[in-house]
Amino acid sequence: MSEAPQAASGGQSKVVIALAAVVVVLVGVIVGLVVLNKPAAPAAPANGTAANGTSGMPAGMPADVPFDPKTATKVVAGKTPEDHVKAYFDAVVKGDFATAYELLPADKKAAQDEAAFAEQLKGYGISSYTIDNVTEKDGETQVLATASMAGGSFQYLWTFVKDGNDWLLKSRTLPGMN
């Protein structure tokens, strides 16, 4: 009689092990389906557009738009590259995203439309900025600025090139994200 309870106990152990194996397989299948059906997150762009935007950075993948002086964003006559960056961040802080969008480099405008840009920046909640450094060398000016928001801060490196009497905005990147 003492053997009968052991046999039943051994049978229950096998059932429990079998059920556990089924649960593990089902969990694996569910995780696999979730991973396979989840849209791929955009890679962190090298040119500073927040993916997703939010990208910590930014939304959307940057368009592969090479710098072209003919289509480049121009600095307003009589203004410096530093003035251009200040105008951009002043507009962002005020919530004037249409003005800020127009001050972006051409590749950023090609990467997303104004409405997507505005939504992305609203999500960032940029409340202030600083101009950290301005360097000029060989017809190129770089302006390093830091945007501050509730979740932290991001540095942006703006690069401008001289074209005759005009300054053209070549790029805006996020140092450390390249």
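Scroll up to find the structure.
In what follows, the accompanying structure is described. Because the structure is predicted, anything quoted here is derived from the model rather than measured.

Considerations on the nonpolar core
Logical step 1: Formed by 26 residues in total, the largest nonpolar core has its most connected members in Tyr-88, Phe-89, Phe-117, Leu-121, Trp-158 and Phe-160.
Logical step 2: The set of elements that each furnish at least two residues to this core consists of α2 (81-94), α3 (97-102), α5 (114-124), β4 (140-149), β5 (152-163) and β6 (166-173).
Logical step 3: Examining the composition of this core, we find that 5 residues originate from one element, α2, more than from any other.
Logical step 4: The residues contacting Phe-89, other than those within four sequence positions of it, are Tyr-129, Ala-145, Ala-147, Tyr-156 and Trp-158.

Some points on the packing of aromatic side chains
Pairs of aromatic rings are described using the distance from one ring centre to the other and the angle between the two planes.
Logical step 1: A complete count under the given rule lists 6 aromatic pairs for this structure.
Logical step 2: With centroids separated by 4.9 Å and ring planes inclined at 80°, the aromatic side chains of Tyr-88 and Phe-89 adopt a geometry described as edge-to-face.
Logical step 3: In this structure Tyr-88 comes out as buried when scored by relative accessible area, which is 2%.
Logical step 4: Taken together through their ring pairs, the aromatic side chains of Tyr-88, Phe-89, Tyr-129, Tyr-156 and Trp-158 make up a single cluster.
Logical step 5: The ring of Trp-158 carries Arg-172 above its face, with NZ or CZ at 5.8 Å from the centroid.

Points about the pattern of salt bridges
Once the charged atoms of two side chains with opposite charge are near each other, the side chains can pair.
Logical step 1: Evaluation of the coordinates by the stated rule reveals 3 salt bridges.
Logical step 2: Residue Lys-122 is joined to Glu-119 by a salt bridge in which the shortest nitrogen-to-oxygen separation is 3.4 Å. Here the residue Lys-122 and the residue Glu-119 both occupy positions in helix α5, the gap between them amounting to 3 residues, near one helical turn.
Logical step 3: Accessibility expressed as a relative area gives 51% for Glu-119, which makes it exposed.

Concerning the pairing of strand β3 (residues 128-137)
Logical step 1: Sheet topology places β3 next to β4; 9 bridges connect them, and they run antiparallel. Each residue of the ladder has a partner; that of Glu-136, found in β4, is Thr-141.
Logical step 2: Between the antiparallel neighbours β3 and β4 lie 2 residues, among them Asp-138 with a positive phi of about 50°.

Looking at the sheet that holds strand β2 (residues 73-74)
Logical step 1: Within the open sheet, the 5 strands sit side by side as β2-β6-β5-β4-β3. Their pairing is antiparallel. If you trace the sheet from one side to the other, it starts and ends with β2 and β3, each paired once.
Logical step 2: Where α2 meets the sheet, its contacts fall on β2, β3, β4, β5 and β6, and the angle it forms with β3 comes to roughly 165°.

Considering a negative patch on the surface
Logical step 1: A grouping of Asp-96, Glu-102, Asp-113 and Glu-114 is seen on the molecular surface, where their side chains present a negatively charged patch.
Logical step 2: Of note, Asp-113 is situated in the loop between α4 (106-111) and α5.

What to know about α5
Logical step 1: Phe-117, Ala-118, Gln-120, Leu-121 and Tyr-124 are the residues of α5 that are buried. Each buried residue of α5 sits inside an arc of 165° when the element is viewed along its axis, so together they form one side. Along α5, exposed side chains directed more than 90 degrees from the buried face belong to Ala-115, Glu-119 and Gly-123.
Logical step 2: For α5, the side-chain oxygen to backbone nitrogen distance between the N-cap and Ala-115 is 3.3 Å, and the N-cap itself is Asp-113.
Logical step 3: Immediately downstream of α5, the backbone of Gly-125 shows phi near 65°, a positive value.

Notes on α2
Logical step 1: Counted at 1.5 Å a residue, the expected span for α2 with its 14 residues is 20 Å, and the 20 Å between its end C-alpha atoms agrees.
Logical step 2: Within the sequence span of α2, burial applies to Pro-81, His-84, Val-85, Tyr-88, Phe-89, Ala-91 and Val-92. Projected onto a plane normal to the axis of α2, the buried residues spread over an arc of 155° and lie on a single side.

Points about the pairing of β5
Logical step 1: Judged from the 10 bridges that link them, β4 and β5 form a sheet pairing that is antiparallel. Within β5, the residue paired with Ala-147 across the bridge is Phe-154.
Logical step 2: Counted along the chain from β4 to the antiparallel partner β5, the turn is 2 residues long.
Logical step 3: Of the strand pairs in this sheet, β5 and β6 are connected by 7 bridges, and their pairing is antiparallel. Residue Val-161 lies in a different strand from β6, and its bridge partner there is Leu-168.
Logical step 4: Linking β5 to β6, which pair antiparallel, is a turn of 2 residues; within it Gly-164 sits at a positive phi near 65°.

About the criteria used
Numbering of residues starts from 1 in every chain and runs along the sequence as written. In keeping with the model being predicted, local features are shown solely for residues with a pLDDT of at least 70 and side-chain atom pairs are shown and tallied solely at 80 or more, while totals for entire chains, interfaces and linings include all residues. Water and hydrogen atoms play no part in the side-chain values, which are based on all heavy atoms of the structure. In this text, buried Ala, Val, Leu, Ile, Met, Phe, Trp, Tyr and Cys residues form a nonpolar core when linked through side-chain atoms within 4.5 Å. Three labels apply to residues, based on accessible area from a 1.4 Å probe with only protein chains included: buried if under 20% of the type maximum, exposed if over 50%, partly exposed otherwise in between. Helix and strand assignments follow DSSP, with helices taken as H or I runs no shorter than four residues and strands as E runs no shorter than two, numbered in order from the N terminus. The contact definition used throughout considers only heavy atoms, calling two residues in contact when any of these lie within 4.5 Å. In this scheme Phe, Tyr and Trp rings, the latter by its six-membered ring, pair at centre separations within 6.5 Å, and the angle between planes marks the pair as stacked below 30 degrees, edge-to-face above 60, and tilted otherwise. Throughout this description, the term charge over a ring refers to an Arg CZ or Lys NZ atom that lies within 6 Å of the ring centre and within 35 degrees of the ring normal. One speaks of a salt bridge when a side-chain nitrogen belonging to Lys or Arg is within 4 Å of a carboxyl oxygen belonging to Asp or Glu. Here, a strand pair is defined by DSSP locating no fewer than two bridges between the strands. Orientation is described by lines fitted to C-alpha atoms, with helices fitted over the stretch in contact, and by angles between N-to-C directions that extend from 0 to 180 degrees. A patch is a set of surface residues, each over 30% in relative accessible area and not in a salt bridge, joined within 9 Å for like charges and within 5 Å for the nonpolar side chains Val, Leu, Ile, Met, Phe, Trp and Tyr. Here the accessible surface of atoms and residues is derived via Shrake-Rupley with a 1.4 Å probe, and residues count as covered only by protein chains that are part of the display. Only four residue types enter the charge count: Lys and Arg as positive, Asp and Glu as negative, with His and the chain ends excluded. For charged residues, the charge sits on one atom: NZ in Lys, CZ in Arg, CG in Asp, CD in Glu. Our arc is simply the arc of the directions from the helix axis toward the C-beta atoms. In protein, a polar contact means a hydrogen-donor-capable atom and an acceptor-capable atom, both N or O and within 3.5 Å, with residues adjacent in sequence counting only if both atoms are side-chain atoms; elsewhere, any N or O pair within 3.5 Å suffices. The span one expects for a helix is its residue count, reduced by one, times 1.5 Å.

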